[in-house]
Every structure is written in C-alpha cells, then in structure tokens.
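Notes for the structure review
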Amino acid sequence: FQWVPSVLPMKIWTSEHVFDHDWETVVHAAWRKYPNPCNGAVTAMDVMDQKFDEGRLVSERILQSHFPIPSWATKLTGFSGTQYSHEHTSIDPSARHMRLTTRNLCGSSFMRVDERLTYRPHASESGKTVLTQEASVTINLPAFTDYCEKTFLHVYETNAAKGRSGIEWVIDHLRKEVNDLTNKVSTEVHDMQEKVMGAFSQAGRR
C-alpha cells in the first residue's frame, strides 16, 4: 500500500530511539522480532510475498494481534480486539536502510492506523542504530474521536516501548544461540581429540 494522507483529522505520534548495536545486528533482530516475550500482542504471522528487487529484500506479511478493549467499544463498533494488519518491509543492505510500514485491515471504517518505522546507522556514532517511528491514527466516530485517539496513542506508545525491548531480547537470544553453538562445537571437538589421543595411546601400547 501507499502512505496516503487522510482527509479526516488525525493524531500523529513520533519517536526516535538509539540502539547500542550496529545496523546489521538490529535489522536481523527486527526481522525476527516475533514472537518474543516482551510483546505478546502479536499472536500470528503469515508471509504473503518475499522477493529480491534490485538488491533489496522486499516482504509482505499479515500480522494477527490482539488488544484488550472496553466492552462498550465492542458493542459500538463490533471490533473484538483481534486485529489483522498488512506489513510491507524493504531492506537495502547496500544503503543500510530498513523501512517498515503497517496498516490495519480490521475496523478501517471507523479507525485507520498507519505506522512507519525506519532503521538506519547512527550518523556520527559507529556501532549504533537509529530507529525512527511514526504512527498516525484517524478516527471516524464523531462522539468518541478525542477519547479514542488519546487512548490508542497511549497504547501505541506502550507497545512501541515493548517492541524496542523485544528487539533487545532477540539480540540477546541470537547471541546466546551463537555462544551455545560455539560451546557445543568446542565440546565435540574436545571429545573427538580425546578419543583420537586415546586411540593413539592404545595403539602405542600394543
């Protein structure tokens, strides 16, 4: 989809966060962010399309998530809290740039949410990565617009913090996987060396 300005009033939330990790590490973790224990809202994910286009990895996914909402909101809109969203991701390794855009598919008649995230290397500090987030929400419920906008943006800000924690968790998890694999290989090599040395010792005693 394209980022199209809305003719309805909207609220916009923006944030910038610096990760103390290089771009490749952060992007790898962002790509594998779900599932993670820091943000349980995303419950399922399905890849619709994935391809290389002029050196860029381009992917489209459908995300299923669940958010608790008041019972009166369910009665008013019919929205149960289970949300499906369309996610478009573009990763350019040469330019060291990752862009992710998401738009909700459910409840779009009364609420539209557009999210855009970009990951790029820090301009002046090598080994660090800047995440820029922007979310816009457009509510088409005249009597509840202000309340719904404020409520959503509060929830989004909370979930954004959980998402950043999730990336840190994935980075730690990936490092643990590498360390465990290294330790396993080292142990297996040591055991093999012991067996070889034992075999030579037995042969020498014959």
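The structure contained in this document is the topic of the report that follows. (Residues numbered from 1 in each chain as written. Predicted model: local features only at pLDDT ≥ 70, side-chain atom pairs only at ≥ 80, totals over all residues. Heavy atoms only, no water.)

**Structural notes on the sheet that holds strand β3 (residues 56-66)**
Taken in spatial order, the seven strands make up an open sheet running β1-β7-β6-β5-β4-β3-β2, and their pairing is antiparallel. Either end of the sheet is taken by a strand with one partner, and the two such strands are β1 (11-19) and β2 (42-53). Across the sheet, the mean angle from the axis of one strand to that of its neighbour is 15°, orientation sign disregarded. Direction of pairing for strand β5 (residues 97-104) relative to strand β6 (residues 111-121): antiparallel, over a ladder of six bridges. Bridging across to β6, Met98 finds its partner in Tyr119. (Pairing = 2+ DSSP bridges. Helix = DSSP H or I, 4+ residues; strand = E, 2+ residues; numbered from the N terminus. Axes fitted to C-alpha atoms, helices over the stretch in contact; angles between N-to-C directions.)

**A look at the side chain of Asn36**
Residue placement: Asn36 occurs in the loop between α1 (23-31) and β2. Relative accessible area serves as the criterion here: at 7%, Asn36 is assigned to the buried category. One polar contact links the side chain of Asn36 to the main-chain amide nitrogen of Cys38, over a distance of 2.8 Å. If we skip the residues at most four places from it in the chain, Asn36 touches Gly166 and Trp169. (Buried < 20%, exposed > 50% of the residue type's maximum accessible area, 1.4 Å probe, protein only. Polar contact = N/O pair within 3.5 Å; in protein donor to acceptor, adjacent residues only side chain to side chain. Contact = heavy atoms within 4.5 Å.)

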